[in-house]
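Reading the structure
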Amino acid sequence: MRTRCARSGWVVAVALTSACGGGGNSDSDGTSSTGAATAAATMTGPTSSSGATSEGDPPTTTVDPSTGTTQTSATSTGDDTGTTGAPPTACADDCHYIRAGAIGSGADWDDALPELPAELERGHVYFIATGTYPAYPFDDPERGDAVIRVVRAGADDHGTDVGWDPAFSAGEAVFGELRFTSGRYEFDGRDATRVVGGFESTVVDIAAPAIRFLRSDVDGAFAERGGKHVGGACTAMSISGDDVVVAGNRIHDAADDGVSISGLVNLSFTGNVVHALHGCGTDGDCGPCYNGHSDGLELFAVKDSEIVGNMIYDVASTAAVFFGNWADELGMGASEYCENLLLANNILYSPETGFVAYIEDAREVRVLNNVIWGLHQGAYGGLSIGVNVSELDLYNNAILSINYTHIGGEYDPAEHRGDYNLFGYSLGQWQDGPHDLVAEDPQFAAIAGGEGPASDDPPPDAFAPAADSPLVDAGWPGDADIVIPAHDFFGQPRGDAPNIGAIE
């Protein structure tokens, strides 16, 4: 990752205490570790533990992009019932069965394969039982629209009953790193599958089109000793394929970025939880990941995509969301700006960083009904808007503050539109709309106002407005041009007087 200080040159491999940051926190990045780490990483097997994970993780939310409806589902617990709301898979001769320790052909559960075979068949389904499995490259040649499905076996959907034992759906299925270099796969972990990263790896790399990656625990398994990175991934997930759906996953414990998203169109990234990013890399001499400035999501040259109903928190270094801003100096210029993006119903909470989110080099970005909150640090702590930002719409958001000058941006009333937002602080850099509010404490249910204290491990409902909050019924229902999400973070319907923020 790279970012600029206002009116200065590029900052590459700067120290973690760079003067670009605010309040003693860094918000400057060098080049992303994703490219180098992905190319160099070897595919190692899963570790025996989940690394530096948190015990109090919030529930994952899964959004139906066609309706905007968000349904709550548990994070990976290793106790899946197999209930998905869809009818069980109908198998003919196209289902195969994978069970760790088996020695069979995959014809049924008695005759199961011990792991995914080297070649998968297009149009077929591969059921996975509890157990530990090696890393896997999904590289089968495409054949028209035929999809290969890899599905966690559950009590209600496991293909054949021949040889089935309920123990096969109890506990986790654990994989090493997964790489998708061919298109048209569906990987559905059904909240009982964990993918674990090895040292310096990318845990899940989606570099092909038409991938659906669902309901899995993407575990960077970060480990440190004496302040040094000694185990686990640099990047939890990398996405560079078109027409990809990533939904209902828990993505956590990477040394550097949660999700690196670049050079694609038509991504649906919905209902995921991204957290526990440790800001550990070459800057500060913490470890081998280049530069170790963590972002929950880093976006570069992303077009025609939606980021909806996600929660991102506990980011040690740069930001919860960061729009990469090196297209003009190091890329192909305006053709690599982000364009036509929807950011809606997200909870972005990053009190440890200089800013919660950065937007730069972007066109047609709609920012609707989000929480963008951290800690007040003078002019720092909220949303930073930089240069080359056009057709930006901000409505119904709870934002700590907006800062243009930090990365050289300037408010443009013709291009930067918005109203019905609540700001913790007005810096005088955003032109407040007639219905914008300023309140140091928006009275979230269990999150302090801008002066803190910070919450280490908040559940999403901590960001619901209290009964007497100024957020209640203070939002805008939208119009033909700005379509406000019909449902909130939890799938509750919005009315004609919606709340400001992500939760009704």
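An account of the accompanying structure is given in this report. Bear in mind that the values here come from a model prediction, so they are computed numbers and not experimental data.

What counts and how
Counting of residues starts from 1 at the beginning of each chain's written sequence and follows it residue by residue. Local features in a predicted model are, by the rule used here, given only for residues with pLDDT of at least 70; side-chain atom pairs are given and counted only at 80 or more, and totals for whole chains, interfaces and linings are based on all residues. The basis for every side-chain value is the complete set of non-hydrogen atoms in the structure, without hydrogens or water. Labels follow the DSSP assignment, with helices taken as runs of H or I lasting at least four residues and strands as runs of E lasting at least two, numbered in each case from the N terminus. Burial here depends on accessible area, computed with a 1.4 Å probe over protein chains only, as a share of the maximum for the residue type. Under 20% is buried, over 50% is exposed, and the range in between is partly exposed. We get accessible surface area from the Shrake-Rupley algorithm with a probe of 1.4 Å; when it comes to residues, only the shown protein chains can shield them. Each pair of strands is called paired provided DSSP finds at least two bridges between the two strands. The salt bridge definition used is simple: a Lys or Arg side-chain nitrogen within 4 Å of an Asp or Glu carboxyl oxygen. Working definition of a nonpolar core: buried Ala, Val, Leu, Ile, Met, Phe, Trp, Tyr and Cys residues. They are joined through side-chain atoms within 4.5 Å. Two residues qualify as a contact provided that any one of their heavy atoms is within 4.5 Å of a heavy atom in the partner residue. The criterion for a disulfide is a pair of cysteine sulfur atoms lying within 2.5 Å. For Phe, Tyr and Trp, rings pair up if their centres lie within 6.5 Å, where Trp contributes its six-membered ring, and each pair is then called stacked (planes under 30 degrees apart), edge-to-face (over 60) or tilted (otherwise). Criterion for a charge above a ring: Arg CZ or Lys NZ at most 6 Å from the ring centre, at most 35 degrees from the ring normal.

Scanning the protein chain from terminus to terminus reveals 2 helices and 39 strands. Counting all 504 residues of the protein chain, 59% fall into the buried class. Carbon and sulfur atoms make up 51% of the accessible area of the protein chain, which amounts to about 17200 Å² in all.

Going residue by residue along strand S13 (residues 193-196), you find Thr 193 and Val 195 tucked away on one face and Arg 194 and Val 196 tucked away on the opposite face as well. Here strand S10 (residues 173-175) pairs with S13 via 3 bridges, running parallel. For Val 174, the partnering residue across the bridge sits in S13 and is Arg 194. Pairing geometry for S13 and strand S16 (residues 217-219), over 3 bridges, is parallel. Bridge assignment links Arg 194 to a residue of S16, and that residue is Asp 217.

Moving on, we come to the pattern of salt bridges. As a working rule, side chains carrying opposite charge can pair if their charged atoms are close by. In the structure shown here, the tally under the stated rule is 14 salt bridges. Look at the salt bridges and you will find they share partners, linking Glu 142, Asp 145 and Arg 184 into a network.

Turning to the nonpolar core, a few remarks are in order. Counting 82 residues, the largest nonpolar core has Leu 116, Phe 138, Phe 180, Phe 213, Ile 239, Phe 269 and Phe 323 as the members making the most contacts within it. If we skip the residues at most four places from it in the chain, Phe 180 touches Phe 138, Tyr 185, Phe 187, Val 204, Asp 205, Ile 206, Ala 207, Ala 208, Ile 211 and Phe 213. Core analysis: the next-biggest nonpolar cluster, separate from the first, contains 22 residues, Trp 373, Ile 447, Phe 489 and Ala 502 among them.

Once that is clear, we can look at the sheet that holds strand S24 (residues 273-277). Overall, parallel pairing links the 12 strands, which are arranged S7-S10-S13-S16-S21-S24-S26-S29-S32-S35-S38-S39 in an open sheet. At either margin of the open sheet sits one strand with a lone partner, and together these are strand S7 (131-132) and strand S39 (437-438). Strand direction decides the pairing type here: strand S21 (residues 250-254) and S24, joined by 4 bridges, are parallel. Across the sheet, His 252 pairs through a bridge with His 275, a residue of S24.

For the coordinates displayed, the defined rule picks out 3 disulfides. The disulfide partner of Cys 280 is Cys 286, and the S-S distance across this bridge is 1.9 Å. Because the torsion about its S-S bond is -95°, the bridge between Cys 280 and Cys 286 counts as left-handed. Take Cys 280 and Cys 286: they sit in the same class, and that class is buried.

What follows concerns the packing of aromatic side chains. Using the criterion set out here, one finds 25 aromatic pairs in the structure. Ring plane angle 65° and centroid distance 5.3 Å describe the contact between Phe 322 and Tyr 358, whose orientation is recorded as edge-to-face. Of the two residues, Phe 322 sits in strand S27 (residues 319-323) while Tyr 358 sits in strand S30 (residues 357-359), which places them 36 residues apart along the sequence. Judged by relative accessible area, which is 2%, Tyr 358 ranks as buried. Each member of the aromatic cluster is reached from another via a ring pair, and the members are Tyr 133, Tyr 136, Phe 138, Phe 175, Phe 180, Tyr 185, Phe 187 and Phe 213. The ring of Tyr 185 carries Arg 122 above its face, with NZ or CZ at 4.7 Å from the centroid.

This paragraph deals with the pairing of strand S28 (residues 338-344). Along S28, 5 of the 7 residues are buried, which leaves the element largely enclosed by surrounding structure. Summarising the sheet, strand S25 (residues 295-308) and S28 pair through 5 bridges and their orientation is parallel. Residue pairing for S28: Val 308 is matched across the bridge by Ala 344. Looking at chain direction, S28 and strand S31 (residues 362-368) are connected through 6 bridges and run parallel.

Turning our attention to the environment of Gly 189. With respect to the helices and strands, Gly 189 occurs in the loop between strand S12 (185-188) and S13. The residues contacting Gly 189, other than those within four sequence positions of it, are Arg 152, Leu 214, Arg 215 and Ser 216.

Here the bond from Gly 452 into Pro 453 is cis, since omega is 10°, no more than 30 degrees from zero. Positionally, Pro 453 belongs in the segment after S39. Phi is positive for Ala 276, which is not a glycine, with a value near 55°. Within the element layout of this structure, Ala 276 appears in strand S24. Taking the relative accessible area as the measure of exposure, Ala 276 reaches 4% and is therefore buried.

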